[in-house]
Amino acid sequence: MTDQQQGRDRRREARRRSAEIAAFVAGLVVTFAFFAFFPGLPHVIDWGAIVVAVLVGALARWVCRSWMGKRGGENT
C-alpha cells in the first residue's frame, strides 16, 4: 500500500470516528431534551432517562457506522 492510500485510509477513519461521535452525542442530547421538555412527563432526569439516553446514543452510533460502511463499500 502506498503512502497516499494510507493517508486516505487515515482520513476516512478519522472522518468515520468523528461522525460516530457526533451521532452518539446527537442521540444523547435529543433523548435528554425529550425527557426534559416533552409535555406530560415529569420534568426530571433520573437514572432511567440517563440509561435510555446512553442506549439511544449507542444505537445512533451503530446506525451511523452501518450507514457509512455501506456507503463506503465496506462490510463492517
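Details of the structure are given in the entry above.
Predicted model only: the values in this text are computed from it and were never measured. (Residues numbered from 1 in each chain as written. Predicted model: local features only at pLDDT ≥ 70, side-chain atom pairs only at ≥ 80, totals over all residues. Heavy atoms only, no water.)

Enquirer: Any chance you could explain the overall build of the protein here in plain terms?
Expert: Counting its secondary structure elements, the protein contains two helices and zero strands. Surface accessibility of the protein: about 5900 Å² in total, with carbon and sulfur atoms responsible for 65%. (Helix = DSSP H or I, 4+ residues; strand = E, 2+ residues; numbered from the N terminus. Areas by Shrake-Rupley, 256 points an atom, 1.4 Å probe, with all protein chains shown as cover.)

Enquirer: How should a positive patch on the surface be read in this particular structure?
Expert: A cluster of basic side chains, namely R8, R11, R15 and R71, defines a positive patch on the protein surface. Per-element accounting of the positive patch gives the leading share, three residues, to helix α1 (residues 3-37). Note on placement: R71 falls in helix α2 (residues 47-71). (Patch = residues over 30% accessible without salt bridge, like charges linked within 9 Å, V, L, I, M, F, W, Y side chains within 5 Å. Salt bridge = Lys/Arg side-chain N within 4 Å of Asp/Glu carboxyl O. Lys, Arg positive; Asp, Glu negative; His and termini not counted. Charge placed at Lys NZ, Arg CZ, Asp CG, Glu CD.)

Enquirer: How should I be thinking about α2 in this particular structure?
Expert: What sets the pattern is the α-helix's 3.6 residues per turn: residues three or four places apart point alike. Between its first and last C-alpha atoms α2 spans 36 Å; for 25 residues at 1.5 Å apiece the expected length is 36 Å, and the two agree. When we look at burial in α2, the residues that qualify are A49, A53, G57, C64, M68 and G69. (Expected span 1.5 Å × (residues − 1). Buried < 20%, exposed > 50% of the residue type's maximum accessible area, 1.4 Å probe, protein only.)

Enquirer: In this structure, what is going on with the packing of aromatic side chains? I would like to understand it.
Expert: Here the distance between the centres and the angle between the planes together describe a pair of aromatic rings. Summed over all chains, the structure comprises one aromatic pair. Between F34 and F35 the ring centres are 5.5 Å apart and the planes differ by 70°, which places this aromatic pair in the edge-to-face class. (Phe/Tyr/Trp six-rings, centres within 6.5 Å; stacked < 30°, edge-to-face > 60°.)

Enquirer: Is there a simple way to think about the pattern of salt bridges in this case?
Expert: Where charged atoms from two side chains of opposite charge approach closely, those side chains can pair. For the structure on display, the rule yields three salt bridges. Note that R61 and E20 form a salt bridge whose closest N and O atoms lie 3.2 Å from each other. Taken together, the residues span a long stretch of sequence, with R61 in helix α2 and E20 in helix α1 at a distance of 41 residues. Take R61: its relative accessible area is 36%, and that puts it in the partly exposed class. Classification of E20 by relative accessible area gives buried; the value is 4%. E20 is the salt-bridge partner of R65, the closest N and O atoms lying 3.3 Å from each other. Residue R65 is located in helix α2, and its partner E20 is located in helix α1; the two are separated by 45 residues in the primary sequence. Sharing partners across several salt bridges, the network here consists of E20, R61 and R65.

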